[in-house]
Amino acid sequence: MAARPEVSVFSAAGQAAGKAALPQVFLAPIRPDVVRTVHRDMAKNRRQAQGVARRAGHQATAESWGTGRAVARIPRAGGGGTHRSGQGAYGNQCRGGHMFSPLKVFRKWHRRINRDQRRYATVSAVAASAVPALVMARGHKVDEVSELPLVVDGIDKFSKTKEAVKALAALDAEEDCQRVAATEAFRQGKGKMRNRRYTNRRGPLVVFADADGVKAFKNVPGIDTCNVDALNLLQLAPGGHVGRFVVWTKAAFEKLPAIFGGFDEKSAAKKGYNLPRPTVTISDVQRVLGSAEVKKACRDRVRSAQRFRKATNPFASKKAMNRLNPNAKVQKGQAKVKKA
């Protein structure tokens, strides 16, 4: 998580244009497990109900031959004089039969998601977008980007795509767009016939405070746009993986405290909501246990006065036998003399 009090604001030309206070949402705990769970259910809510025809696989007139004919009891097509007669029908293992567990439109296609979990996942994804290691681990090319989170002033006034491309180059974000353009490929399967012919990776997400400037970024490969009042987890963490490269306009960045509030301040947009606190502030357990404060609160180690000796077989160890029977050495010598 980003823990700086201020972040730099850049102009569209890539020059430093001031400072802005870091909203506390960037200090929220990053919970990839919550993000994955919420993303999985949100992605299901975009599905459209579909089902197969009621009589699909049952168009043939078929009846089982029963037992006693040394063939399976699957229904078989009737008639004669054709290859079809006597062939199995209806079953999911048969040619021309129905599918296993046919799709129905009344299946449970959508999922209800707890509101607090949705908000927790969103703030986690926003916080992760300010951690360079997570952004780079997601595959974004941000080696030359000056600072994360990247806040830019002036791009919401653009109306031409060439202005947007020039600004991305000045901000060193163009390399990530080029990565996306290079990954465009034909979609596998029938989706290429259904108006989704190509696939590619995800590039930067540009967040605006209003609709101004959105049109300029619409045709840049890999660029997604969204409104800061409607941040979408499907865009902030595509595939359920945190660390999206986000470019904030200055106006959108300044609206974040009012939208999400803080750890102690309530949100102005979400009634009664404030940010979730981290379970632990220091994740280094060894450092915590070895700290002076913890040692001071703990009592000293009690050392037992009783000493325990390891049990040793005296018949296999001379030392153990002499400890139990000091006269054992003399007896052993006398036994040798008698034997001689």
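Structure's up top.
Residues numbered from 1 in each chain as written. Predicted model: local features only at pLDDT ≥ 70, side-chain atom pairs only at ≥ 80, totals over all residues. Heavy atoms only, no water.

Student: An account of the packing of aromatic side chains is needed here, citing residue identities and associated values.
Tutor: The full count for this structure, using the stated rule, is 5 aromatic pairs. With centroids separated by 5.9 Å and ring planes inclined at 80°, the aromatic side chains of Phe-26 and Trp-248 adopt a geometry described as edge-to-face. In this pair, Phe-26 is assigned in the loop between β2 (16-21) and α1 (32-44) and Trp-248 in strand β10 (residues 246-249), connecting sequence segments 222 residues apart. The pair formed by Phe-26 and Trp-248 is uniform in burial state, with each residue classed as buried. Ring pairing ties together the aromatic residues Phe-26, Trp-248 and Phe-253, which thus form one cluster. Looking at Arg-107, its charged tip hangs above the ring of Trp-109, at a distance of 5.4 Å from the centre. One cation-aromatic arrangement involves Arg-119 over Tyr-273; the distance from NZ or CZ to the ring centre is 5.1 Å. (Phe/Tyr/Trp six-rings, centres within 6.5 Å; stacked < 30°, edge-to-face > 60°. Helix = DSSP H or I, 4+ residues; strand = E, 2+ residues; numbered from the N terminus. Buried < 20%, exposed > 50% of the residue type's maximum accessible area, 1.4 Å probe, protein only. Lys NZ or Arg CZ within 6 Å of the ring centre and 35° of its normal.)

Student: Go over the sheet that holds strand β1 (residues 6-11), please, and point to the residues and values.
Tutor: On the basis of which strands lie adjacent, the open sheet formed by 6 strands has the order β2-β1-β5-β10-β8-β9 and mixed pairing. Both edges of this open sheet fall to β2 and β9 (224-227), since each of them pairs with a single strand only. If you compare each strand with its neighbour and ignore which way they point, the axes differ by 30° on average. In this structure, strand β5 (residues 150-153) lies alongside β10, joined through 3 bridges in parallel fashion. Residue pairing for β10: Val-151 is matched across the bridge by Trp-248. Packed onto the sheet, helix α8 (residues 250-260) meets β1, β2, β5, β8 (205-208) and β10 and runs at close to 90° relative to β10. (Pairing = 2+ DSSP bridges. Axes fitted to C-alpha atoms, helices over the stretch in contact; angles between N-to-C directions. Contact = heavy atoms within 4.5 Å.)

Student: Would you mind going over the pairing of β5 in detail, with residue names and values included?
Tutor: Inspection of the sheet shows β1 paired to β5 by 3 bridges, in the parallel sense. Along β5, the bridge assignment pairs Ser-11 with Asp-153.

Student: For unusual backbone geometry, give the residues involved together with the corresponding values.
Tutor: Geometrically, the link from Leu-148 to Pro-149 is a cis peptide bond, its omega value of 0° lying close to zero. Mapped onto the elements, Pro-149 comes out in the loop between α3 (132-137) and β5. Phi is positive for Ser-101, which is not a glycine, with a value near 50°. For Ser-101, the position within the fold is in the loop between β4 (76-77) and α2 (115-128). For Ser-101, a relative accessible area of 40% puts it in the partly exposed group.

Student: Please provide a residue-by-residue account of α8, values included.
Tutor: Within the sequence span of α8, burial applies to Ala-252, Phe-253, Leu-256, Ile-259 and Phe-260. Seen from one end, α8 has its buried residues packed into an arc of 110°, which puts them on one side. Of the surrounding secondary structure, the elements contacted by the buried residues of α8 are β1, β2, α2, β5, β8 and β10. Phi turns positive, to about 70°, at Gly-261, one or two residues after α8. (Arc of directions from axis to C-beta.)

Student: Give a detailed account of the pairing of β9, specifying residues and quantitative values.
Tutor: By the alternation rule, side chains of β9 split into Asp-224 and Cys-226, which are all buried, and Thr-225 and Asn-227, of which none is buried. Taken together, the 4 bridges between β8 and β9 define a ladder with parallel strand orientation. Within β9, the residue paired with Leu-205 across the bridge is Asp-224.

Student: Pulling in residues and values, what's your account of the environment of Thr-312?
Tutor: Looking at the element boundaries, Thr-312 is found in the loop between α10 (292-297) and α11 (318-324). On a C-alpha basis, the gap between Thr-312 and Leu-236 in space is 66 Å, while along the polypeptide they are 76 residues apart. A distance of 3.2 Å separates the side chain of Thr-312 from the backbone oxygen of Lys-310, its partner in a polar contact. (Polar contact = N/O pair within 3.5 Å; in protein donor to acceptor, adjacent residues only side chain to side chain.)

Student: Explain the nonpolar core to me, using residue names and the numbers behind them.
Tutor: Side chains of a nonpolar character, in soluble globular proteins, are inclined to be buried together. In this structure, Phe-26, Val-207, Leu-231, Trp-248, Phe-253, Leu-256 and Phe-260 are the most contacted members of the largest nonpolar core, which totals 42 residues. Looking at this core, the elements with two or more residues in it are β1, α1, α2, β8, α7 (233-236), β10 and α8. It is α2 that contributes the most residues to this core, 7 residues altogether. Once residues within four sequence positions are removed from consideration, Val-207 is found in contact with Cys-226, Asn-227, Val-228, Leu-231, Val-246, Val-247, Trp-248, Thr-249 and Ala-252. In this structure, Val-145, Val-152, Ile-155 and Val-220 belong to the second largest nonpolar core, which totals 23 residues. (Core = buried A, V, L, I, M, F, W, Y, C linked by side-chain atoms within 4.5 Å.)

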